[in-house]
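Descriptive structure summary
Here's the letter readout for the chains.
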Amino acid sequence: MAGSDWTCSLATMREWESSDYEPSLPVSEKSNPVTRDIDRASASRTVSMLKSCDAQMFQEESGTTYQRLFSGNVVETLMEVAQRVELILKDSEDSLVVLSGCGTSGRLAFLIASCFNRALKRLNQSQIYSYIIAGGDRALLSSIEAPEDDPHLGVLSLRKVCEGKRRVLFFGISCGLSAPFVAGQLDLCLQHPDIYTPVLVGFNPAHQARDEPIAGCTFTFCSVVQRMQEFSKTQRAFLINPSVGPEAISGSSRMKGGSATKILLEIILAAAHAATFSHTPVTFKGVMQHLRTYERTLDVTYSQSEGIAGLVQAAGHSLLGGRCVCYLGWGSLGVLGLIDASECEPTFGADYKDVQGFVSGGYRELKNHEGPLTMLRAIGHDDFLLQVLPSLNNQDTVILLYTHSDDVTDVMNMTHRVREKTASVHAVYHQLDGNPAAGLQDEINRLCRCTLKITWPSSASESFLHMQWELSTKLVLNAVSTGAHILKGKIYQNHMIDVQVTNSKLYRRATRLLQKLSGCPESQCEGALLKAIYQVDELTEAIKSSDRTAHTCTGRGRSKVVPIALVCLLTGCSLVEAESHLEQEPIVREAVDKKIKKNCPM
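Remember, predicted model here, so these are calculated numbers, not experimental data.

**Some thoughts on the layout of surface pockets**
Remark: the empty space left among the atoms is shown by a probe the size of a water molecule rolled over them. Estimated volume of the largest pocket: approximately 1300 Å³. In this structure, the largest pocket is lined by 46 residues; those nearest its centre are E462, S463, F464, L465 and M467. Listed by contribution, the elements that provide at least two residues to the lining of the largest pocket are helix 4 (104-122), helix 9 (256-277), helix 10 (284-302) and helix 17 (462-488). Top element by residues in the lining of the largest pocket is helix 17. It accounts for eight residues.

This is the structure in structure tokens:
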């Protein structure tokens with residue numbers, strides 16, 4: 001029964017650790033036993049499942065082959081890397097710390113680099129942090145998956161950022177140890193150890209790194225990792241790759257992978273800043289305390305599970321009705337809204353207007369390298385008021401994201417404006433004990449259908465507290481967008497069934513998914529996928545002889561590719577019949593079940 005009393009046993013929480021559990025897949029691609037049948041769960045049960053999945057991040061090592069966040073060697077590596085950052089902070093001339101990644105990893109690189117540069121600016125220090133995202137700044141706001149496959153582009157972007165620098169600490173983030181873009185950058189670092197010290201951040205064991213040929217290269221991601229392991233023996237390279245368990249939605253590394261990335265990088269940089277500017281040495285105990293603080297952040301956030309479920313239900317109702325969900329945020333919480341919204345397109349095959357993010361100050365707040373990208377996305381509150389608000393009605397959902405230290409008067413004024421168009425207005429609000437803006441907040445509460453008021457102890461340091469607010473907001477937004485798309489039928493069991501096949505990683509994932517769900521041979525599944533991509537019932541020789549790059553280029557313009565292929569595999573129907581069936585029943589699991597029953601009557 002899909003109810004709010006759902007609980008998860010410890011055995012289920014740890015089932016994925018068994019060597020017999022989906023042995024052919026790396027941890028980042030395994031399905032999570034906790035979320036079996038999440039596609040049929042209520043909003044309340046969905047949130048309970050996500051809570052259990054997130055809790056897996058902080059499980060202690062249990063004698064398996066997987067090291068975890070609290071493992072001694074992980075904590076020691078965090079300390080060593082923090083000390084490298086400290087050295088650069090104390091002598092920043094011609095030095096740089098670069099954070100780089102693809103998709104969510106690149107967006108978080110941007111968020112974290114921006115946060116710590118602001119901290120340096122407040123101290124009148126040189127801003128030493130820079131970010132790289134595959135696809136450039138456009139990828140901050142929209143799905144640009146193809147550059148992830150280009151290691152040469154990764155090298156060019158790193159060289160450009162580091163031009164003229166004599167010392168670079170490079171963080172390459174690849175949750176699955178798989179992105180060629182990052183592999184190319186790490187290879188460059190290993191070739192020039194006099195300038196670069198590479199740090200690889202990911203969440204698979206080293207032996208599970210992707211070992212497939214990379215076009216135009218003599219190395220694989222796996223061979224790069226092996227070289228880094230050799231370099232790490234003399235601290236010329238560092239690997240930070242604890243396992244955090246499979247994602248709630250298989251392969252959706254925007255969730256735990258993104259959260260763990262944020263946690264690890266912030267612990268490293270915060271420890272380095274404290275050592276440099278507050279004379280607080282980097283210690284094992286201090287790193288452990290920071291990890292425990294983030295663990296408590298999960299507890300504080302999910303104490304609001306009932307309210308989060310209400311947001312999921314409201315957002316799901318809007319998407320099911322063909323309407324939209326809008327995040328209106330202030331400060332970095334608004335940037336997190338932009339990030340979560342941008343991830344819905346590639347993850348769920350959504351239209352960019354389904355879930356949209358807006359931040360107070362727009363591009364002035366974002367301060368991205370390439371400046372305003374107004375031709376791509378309008379992201380300011382003024383843009384929302386002018387372009388989106390006039391067309392809203394009670395079927396649309398608006399979620400406000402702010403803290404007590406933001407301009408609560410501005411929040412109240414915006415709430416009044418939105419409330420004139422839709423009753424489905426909700427708030428996610430972070431406050432300290434003894435909230436100084438209680439009067440204004442009471443007025444906002446009166447206008448909102450639901451307010452998640454998340455209260456934090458006033459004893460916490462302001463800078464670290466803000467990072468907790470960000471992680472908490474990320475968890476809430478991930479739950480809302482994931483849960484809403486589950487209710488819309490975009491998930492099959494706990495797999496991203498409507499994923500866009502736009503790069504080699506997603507092509508492989510789609511083929512594996514079809515094989516798992518249909519039970520058909522890999523060659524037959526890949527054939528069905530290609531038929532859906534090229535919209536043909538028979539593959540031509542030209543299609544068969546094309547490479548994967550050609551397939552993914554064509555796949556960028558196609559929707560419902562994997563659901564169509566799955567229906568065809570399971571029922572033997574034509575593409576036209578599969579498309580028609582999915583139009584009549586958009587919830588993929590229900591569509592498949594009905595088609596099978598129709599074809600095989602009892």
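Moving on from the coordinates now.
**A short note on a positive patch on the surface**
Judged by side-chain charge, R118, K121, R122, R364 and K367 come together as a positively charged surface patch. Residue classification places R122 among the exposed residues on the basis of a relative accessible area of 60%.

**With respect to the pairing of strand 4 (residues 196-201)**
Most of strand 4 is tucked away, with six of its six residues classed as buried. By the alternation rule, side chains of strand 4 split into Y196, P198 and L200 and T197, V199 and V201, which are all buried. The pairing of strand 3 (residues 167-173) with strand 4 spans six bridges and is classified as parallel. When the sheet's bridge partners are listed, I173 is paired in strand 4 with V201. In this fold, the crossover linking strand 3 to strand 4 by way of helix 7 (residues 180-191) has right-handed handedness. Two strands pair when backbone bridges link them, and strand 4 and strand 5 (residues 238-240) are joined in this way by three bridges, in the parallel orientation.

**A look at the sheet that holds strand 10 (residues 450-456)**
What the five strands build is an open sheet, ordered 7-6-8-9-10; its pairing is parallel. Edge positions in the open sheet fall to strand 7 (355-359) and strand 10, since each of these has one partner strand only. Here the strands of the sheet are splayed against their neighbours by 15° on average, with no regard to which way each runs. The sheet contact formed by strand 6 (residues 325-329) and strand 8 (residues 397-403) spans five bridges and is parallel.

**Considerations on the sheet that holds strand 5**
Reading across from one edge, 2-1-3-4-5 is the order of the five strands in this open sheet, with parallel pairing throughout. Each edge of the open sheet carries a strand with a single partner, namely strand 2 (129-133) and strand 5. The mean angle between the axes of side-by-side strands here comes to 20°, regardless of whether they run parallel or antiparallel.

**Brief notes about the packing of aromatic side chains**
Scanning all chains against the criterion turns up eight aromatic pairs. Their ring planes at 55° and their centres at 5.2 Å tell us that Y294 and F464 sit as a pair that is tilted. Residue Y294 is found in helix 10, and its partner F464 is found in helix 17; the two are separated by 170 residues along the sequence. Residue classification places F464 among the buried residues on the basis of a relative accessible area of 7%. Members of the aromatic cluster, each reached through a chain of ring pairs, are W330, Y402 and Y429. Over the ring of F70 we find R292, and its NZ or CZ is 3.9 Å from the ring centre.

**Some points on the side chain of S472**
Along the chain, S472 falls in helix 17. In this structure S472 touches T297, T301, H430, I454 and W456, once residues within four positions along its chain are discounted.

**A few points about the pattern of salt bridges**
Counting across every chain of the model gives 24 salt bridges. Between D91 and R166 there is a salt bridge, with the nearest N and O atoms lying 3.6 Å from each other. Of this pair, D91 sits in the loop between helix 3 (72-90) and strand 1 (95-101) while R166 sits in the loop between helix 6 (151-161) and strand 3, placing them 75 residues apart in sequence. Judged by its relative accessible area of 40%, R166 falls in the partly exposed class. In this structure, E443 and R446 form a salt bridge, with 2.7 Å as the shortest nitrogen-oxygen distance. Separated by three residues within a single helix, E443 and R446 lie in helix 16 (residues 438-447), roughly one turn from each other. For E443, a relative accessible area of 23% translates into the label partly exposed. Overlapping salt bridges bring together R210, E212, R508 and R548 as one network.

Rules used throughout
Residues numbered from 1 in each chain as written. Predicted model: local features only at pLDDT ≥ 70, side-chain atom pairs only at ≥ 80, totals over all residues. Heavy atoms only, no water. 1 Å grid on protein atoms, 1.4 Å probe; cavity = no way out; pocket = protein on both sides within 12 Å on 5 of 7 lines; lining within 4 Å. Points joined across faces, edges and corners; volume = space filled by probe spheres on them. Helix = DSSP H or I, 4+ residues; strand = E, 2+ residues; numbered from the N terminus. Patch = residues over 30% accessible without salt bridge, like charges linked within 9 Å, V, L, I, M, F, W, Y side chains within 5 Å. Areas by Shrake-Rupley, 256 points an atom, 1.4 Å probe, with all protein chains shown as cover. Salt bridge = Lys/Arg side-chain N within 4 Å of Asp/Glu carboxyl O. Lys, Arg positive; Asp, Glu negative; His and termini not counted. Charge placed at Lys NZ, Arg CZ, Asp CG, Glu CD. Buried < 20%, exposed > 50% of the residue type's maximum accessible area, 1.4 Å probe, protein only. Pairing = 2+ DSSP bridges. Right-handed = clockwise from strand over helix to strand, strands pointing away. Axes fitted to C-alpha atoms, helices over the stretch in contact; angles between N-to-C directions. Phe/Tyr/Trp six-rings, centres within 6.5 Å; stacked < 30°, edge-to-face > 60°. Lys NZ or Arg CZ within 6 Å of the ring centre and 35° of its normal. Contact = heavy atoms within 4.5 Å.

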